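# Close look at the chain arrangement
Residue-level listing of the chains:
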Amino acid sequence: MSGAAGCQGGGGGERGHRWRRPWKLLALGLLSASSVLAAAPGAGAMSKEEKRRLGNQVLEMFDHAYSNYMEHAYPADELMPLTCRGRVRGQEPSRGDVDDALGKFSLTLIDTLDTLVVLNKTKEFEEAVKKVIKDVNLDNDIVVSVFETNIRVLGGLLGGHSVAIMLKEKGEYMQWYNGELLHMAKELGYKLLPAFNTTSGLPYPRVNLKFGVRHPEARTGTETDTCTACAGTLILEFAALSRFTGTSIFEEYARKALDFIWEKRQRSSNLVGVTINIHTGDWVRKDSGVGAGIDSYYEYLLKAYVLLGDDSFLERFNTHYDAIMRYISQPPLLLDVHIHKPMLNARTWMDSLLAFFPGLQVLKGDIRPAIETHEMLYQVIKKHNFLPEAFTTDFRVHWAQHPLRPEFAESTYFLYKATGDPYYLEVGRTLIENLNKYARVPCGFAAMKDVRTGSHEDRMDSFFLAEMFKYLYLLFADKEDMIFDIEDYIFTTEAHLLPLWLSTTNQTISKKNTTTEYTELDDSNFDWTCPNTQILFPNDPMFAQSIREPLKNVVDKSCPRGISRAEESLGSGPKPPLRARDFMASNPEHLEILKKMGVSLIHLKDGRVQLVQHAVQAASSLDAEDGLRFMQEMIELSSQQQKEQQLPPRAVQIVSHPFFGRVVLTAGPAQFGMDLSKHKAGTRGFVATIKPYNGCSEITNPEAVKEKIALMQRGQCMFAEKARNIQKAGAIGGIVIDDNEGSSSDTAPLFQMAGDGKNTDDITIPMLFLFNKEGSIILDAIQEYEAVEVLLSDKAKDRDLEMENMDQKLSENDSHKQNAEEATSASQDVGAVSEEPEEGESSDVTDPDSLSPANADSDSVSISNQDSYVPGTDEAGAPEPACTRGDNQPQEQKTDAESNSKVNWDSKVQPMESILADWNEDIEAFEMMEKDEL
């Protein structure tokens, strides 16, 4: 095995011996470090009982998600947890590229197979395998993503096969199993092969499972581009399929794709772009990072070396890793750069998929930057409850969705195993609490549409079951809790398990080092390929804490500030050479001072200038300190100039029975009336429809409006006039509903109500605007329940658990009196209310640019301090403060009430969860703001 043998030890012997230990000695050898640190005295260690309790809580959460999928969705690909039904492609509104993962092959069940075994649910696993073998059809006339089908379905089948043969060898379960999952995997592998019919060897991004690529009925094969990760994340599954079956063609095709990407890397920077032309090999998008579009390409280079023992994969990974740490890593940030100009940042925001990278760094053995980046991400999570799909370098929300991604949990697991630091157990506890508090719904766990408002999206992706619960359970599990040794396997990017004995099985590929033209790298980059835990992790429980501590305030309101040399000399030292308020980009003398302080100035295409500090480039340590102070002053100055007149969105939350705060609607604010951002409690009250409905004249039903929140229709007069009329009638707030039938934030930007050009100080009540579809939800609720109470606020509040529990108890008592047999659990009643739910519509993402208009004037300054963690501007062009809290801008959640309910509510009292099953939140699109990004 040449170089691999040094890490993996002996590879000969029978399969039982080959199965043991190679991965441990390479990267997951880091796991043994936990015993090193665990033995050291340290404060805050979690008791074994508490770990067991949290592990059991993870099991209960998994049961909640899995049982609801099986009850309400199977055999559909995914569960729609808000409407308690399955998502079947073609029967729901298209979500664009996101739907390419769905192939009518019971995606969630296949993706979950090996998770069942990790969680010790062997009986359920056996039942699930039988269902897959009996029910799943892979010969569907449907176009799917090659990448997603490979990592989720092919990987799921191979992972299921891996643990199935392991259980069969143990002699208790799966004695009937005869490789059926492997046969299905081979069938699927052949169905993916037509995608590789290109001159480059890079696969088409999509394939028709029945007709291939260029067949007249295939409806695909015209694409020219694919993402680097899409073409570079095949080798583990395809090589495993070849090793399991002895059919070499799969591994050959995956290797050819990897070889082509490597040859097309940018030679001066050793970076790769995000998207590449599959025919010419030209880079289409020339920005490079470790997040969406590239992420798992790097992951599979390192793991392919582990699984296959080919030195070339390790050499390629180390070459790329050196470039990443040289250009992209700006601790604790990971910022995209241009592959041809790697010193120039390509954007000033990060996507959530890069959260996997600290875990990969652990496997590499580079722990310090892993701890730093993970801590930064954790601070973002503590601020927003979840990791937004994208956030700016000053930690504001850029894309507000969170589809329950598992990458941060993955890195948390690996860091705990590497350091043994109980801090990471507490991080895991936070993840569990946030999932239960904010994402849990009666029929599973719902993705967050907006982490700022707490609104939900009607989706529960298969990777949530495949990865999230696997990593969380392993985080709290001890060795005796497992029925097999997890270290005998390598995780794919979808957390599927492939046995390490594959490294010496059916080696049909001659292992030649085809990698050429390596860059001479610092030897230290290779030191920890086979990590020595005694060197990496000194016997000091404070090791990781000492790295995290400087980052505790990185997302907080105020930046950590060191003592300046002026303070050291009690104010008697020299004055700073340049103050931020005096700086002029056109002044040559100022530019020379900046250079001396290690601050460089970059002119951007949009007319702005970007300031970047490298302390190591300063003339002296004192000049570097002056540069740091200048950057901090510039950040504060930018923060003061950043105050925009545009108001953030607000939230309308239905808090009365049976909703109790679960339904959150995004509302447009008004430029007059009560500022809800300054009244954190908001305005709470029952709603009432006014007469006349347009609110443009004196209200004729003031007795119905008094002390209530008035509902009115847009049009025929100014918004301020409507506000004055309802305020005069005694209303405590107002909601204006759009008169444009069918309007929705799906197709329209957030609406903000302007004043009438006069002084509006006389208006003291809050006014909010809802599009027609959102407003219809409240109107339908009034027809169904009459008394509907809402909360107008700057963002959604925690739901009223006390009232919810009380109502549920009353419902259960009444139901018991009617029929003891009807006193079933809430989970059994979910979905029992309506047999034919209506389809509703909902928007996904409010364009951030519609909330914060771009200011691209030539005087705008972007700031980046790479050595002291001071970030830069956002893409809008306005200077961004580095350490101010991001605007808590809510977005929308919309649900539709079923207007034709077929249940007599007086004849049977339903638990709250069953009532909520009547409310449909059909998500029309999960559109990414840049189509090929995520």
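Residues numbered from 1 in each chain as written. Predicted model: local features only at pLDDT ≥ 70, side-chain atom pairs only at ≥ 80, totals over all residues. Heavy atoms only, no water.

As a further point, take helix H8 (residues 146–170). With 25 residues, H8 ought to run about 36 Å at 1.5 Å a step, and its terminal C-alpha atoms sit 35 Å apart, in line with that. Maximal helix bending in H8 amounts to about 35°, located at Gly-155. Along H8, 21 of the 25 residues are buried, which leaves the element largely enclosed by surrounding structure. Between a side-chain oxygen at the N-terminus of H8 and the backbone nitrogen of Phe-147 the separation is 3.3 Å; the capping residue is Ser-145. (Helix = DSSP H or I, 4+ residues; strand = E, 2+ residues; numbered from the N terminus. Expected span 1.5 Å × (residues − 1). Bend = angle between axes of the 7 residues up to and from the residue. Buried < 20%, exposed > 50% of the residue type's maximum accessible area, 1.4 Å probe, protein only. Polar contact = N/O pair within 3.5 Å; in protein donor to acceptor, adjacent residues only side chain to side chain.)

What follows deals with the side chain of Arg-265. Structurally, Arg-265 is set in the loop between helix H12 (249–263) and strand E6 (275–277). Overall, the relative accessible area of 4% leaves Arg-265 in the buried class. A polar atom in the side chain of Arg-265 sits 3.0 Å from the side chain of Asn-270.

Let us look at the state of the cysteines. The full count for this structure, using the stated rule, is 3 disulfides. The disulfide bridge from Cys-84 ends at Cys-443, spanning 2.0 Å between sulfur atoms. Classification of the bridge connecting Cys-84 and Cys-443 rests on its S-S torsion, roughly 95°, and on that basis the disulfide is right-handed. Residue Cys-84 is located in the loop between strand E1 (78–80) and strand E2 (85–87), and its partner Cys-443 is located in the loop between strand E15 (440–441) and strand E16 (444–445); the two are separated by 359 residues in the primary sequence. For Cys-443, a relative accessible area of 0% puts it in the buried group. (Disulfide = S-S within 2.5 Å.)

Moving on to the confidence of the model for the protein chain. Confidence in the prediction for the protein chain averages 78 pLDDT; 72% of positions are at 70 or higher. Considering only residues more than four positions removed or in separate chains, one finds that residues 642–646, a stretch of pLDDT under 50, has 12 contacts. Under a pLDDT of 50 for its full length, residues 819–934 has, in the predicted model, 383 contacts with residues more than four places off or in other chains. (pLDDT = per-residue confidence, 0-100. Contact = heavy atoms within 4.5 Å.)

Moving on, we come to the nonpolar core. Counting residues in hydrophobic clusters, the biggest one holds 180 residues, and the most contacted among them are Phe-125, Leu-435, Phe-445 and Phe-469. The greatest single-element share of this core, amounting to 12 residues, is contributed by H8. Of all hydrophobic cores here, the second largest spans 21 residues; its members include Phe-659, Ala-667, Ala-781 and Leu-792. (Core = buried A, V, L, I, M, F, W, Y, C linked by side-chain atoms within 4.5 Å.)

For the pair helix H6 (residues 107–118) and helix H19 (residues 462–476), interaxial distance at closest approach is 7 Å and the crossing angle is 15°. If you check the angle between H6 and H19, you find them roughly parallel. Where H6 crosses over H19, the two elements pack in a sense that is left-handed. Across from Leu-107, Thr-108, Asp-111, Thr-112, Asp-114, Thr-115 and Val-118 in H6, the residues of H19 making contact are Ser-462, Phe-463, Leu-465, Ala-466, Lys-470, Tyr-473 and Leu-474. Classifying every residue of the contact of H6 with H19 by side-chain character gives 7 nonpolar, 4 polar and 3 charged. (Axes fitted to C-alpha atoms, helices over the stretch in contact; angles between N-to-C directions. Parallel < 35°, antiparallel > 145°, perpendicular 65-115°, else oblique. Left-handed = near helix turned anticlockwise from the far one by under 90°. Nonpolar A, V, L, I, M, F, W, Y, C, P; charged D, E, K, R; others polar.)

Spatial ordering of the open sheet is given by E12-E13-E14, a layout of 3 strands whose pairing is antiparallel. Two strands close off the open sheet at either side, each with one partner strand: strand E12 (349–351) and strand E14 (397–399). Taken over all neighbouring pairs, the strand axes of this sheet differ in orientation by 30° on average, direction set aside. (Pairing = 2+ DSSP bridges.)

As a further point, take the environment of Ala-651. Along the polypeptide, Ala-651 turns up in strand E23 (residues 650–654). Expressed as a C-alpha distance, the spacing of Ala-651 and Leu-770, which sit 119 residues apart in the sequence, is 9.7 Å.

Moving on to the pairing of strand E25 (residues 683–689). Of the strand pairs in this sheet, E25 and strand E29 (residues 789–793) are connected by 4 bridges, and their pairing is antiparallel. The residue of E29 that forms the bridge with Gly-685 is Val-790.

Okay, the packing of aromatic side chains next. Aromatic ring pairs: the centre-centre distance and the angle between the two ring planes describe each pair. One pass over the structure, following the stated rule, counts 31 aromatic pairs. Each ring, one from Phe-244 and one from Trp-501, has its centre 5.8 Å from the other, and the planes form 85°; the classification is edge-to-face. Pair noted here: Phe-244 is in helix H11 (residues 235–245) and Trp-501 is in the loop between strand E20 (497–499) and helix H20 (533–536), with a separation of 257 residues, a long-range link. Each member of the pair Phe-244 and Trp-501 is classed as buried. A centroid spacing of 6.5 Å and a plane angle of 90° characterise the contact between Tyr-413 and Phe-491, whose relative ring orientation is edge-to-face. Placement of Tyr-413 in helix H17 (residues 407–419) and of Phe-491 in strand E19 (residues 489–491) is noted, with a sequence separation of 78 residues between them. Note on Tyr-413: relative accessible area 2%, which makes it buried. You can call Phe-491 buried: its relative accessible area is 3%. (Phe/Tyr/Trp six-rings, centres within 6.5 Å; stacked < 30°, edge-to-face > 60°.)

This structure, assessed with the given rule, holds 42 salt bridges. The residue Lys-134 makes a salt bridge to Asp-135 at a minimum N-O spacing of 3.4 Å. Residue class for Lys-134 comes out exposed when judged on its relative accessible area of 71%. Judged by relative accessible area, Asp-135 falls into the partly exposed class, the value being 35%. Among the salt bridges present, the one from Glu-263 reaches Arg-267, with a minimum N-O distance of 3.1 Å. Note on Glu-263: relative accessible area 33%, which makes it partly exposed. For Arg-267, a relative accessible area of 33% translates into the label partly exposed. If you follow the salt bridges from partner to partner, you end up with Glu-78, Arg-95, Asp-99, Glu-148 and Arg-152 in one network. (Salt bridge = Lys/Arg side-chain N within 4 Å of Asp/Glu carboxyl O.)

Right, let's get into helix H14 (residues 311–328). If you check H14, its first and last C-alpha atoms are 25 Å apart, about what 18 residues at 1.5 Å a residue would give, namely 26 Å. Among the 18 residues in H14, 15 count as buried, and that is most of the element.

What follows is about the sheet that holds strand E24 (residues 663–667). Spatially, 7 strands are ordered E24-E23-E29-E25-E26-E27-E28 in an open sheet, and the strand pairing comes out mixed. Pairing within the sheet leaves two strands with one partner each, and these edge strands are E24 and strand E28 (767–770). The sheet shows a mean angle of 30° between the axes of neighbouring strands, direction not considered. The sheet contact formed by E23 and E29 spans 4 bridges and is antiparallel. Its bridge partner lying in E29, Gln-653 is registered against Leu-791.

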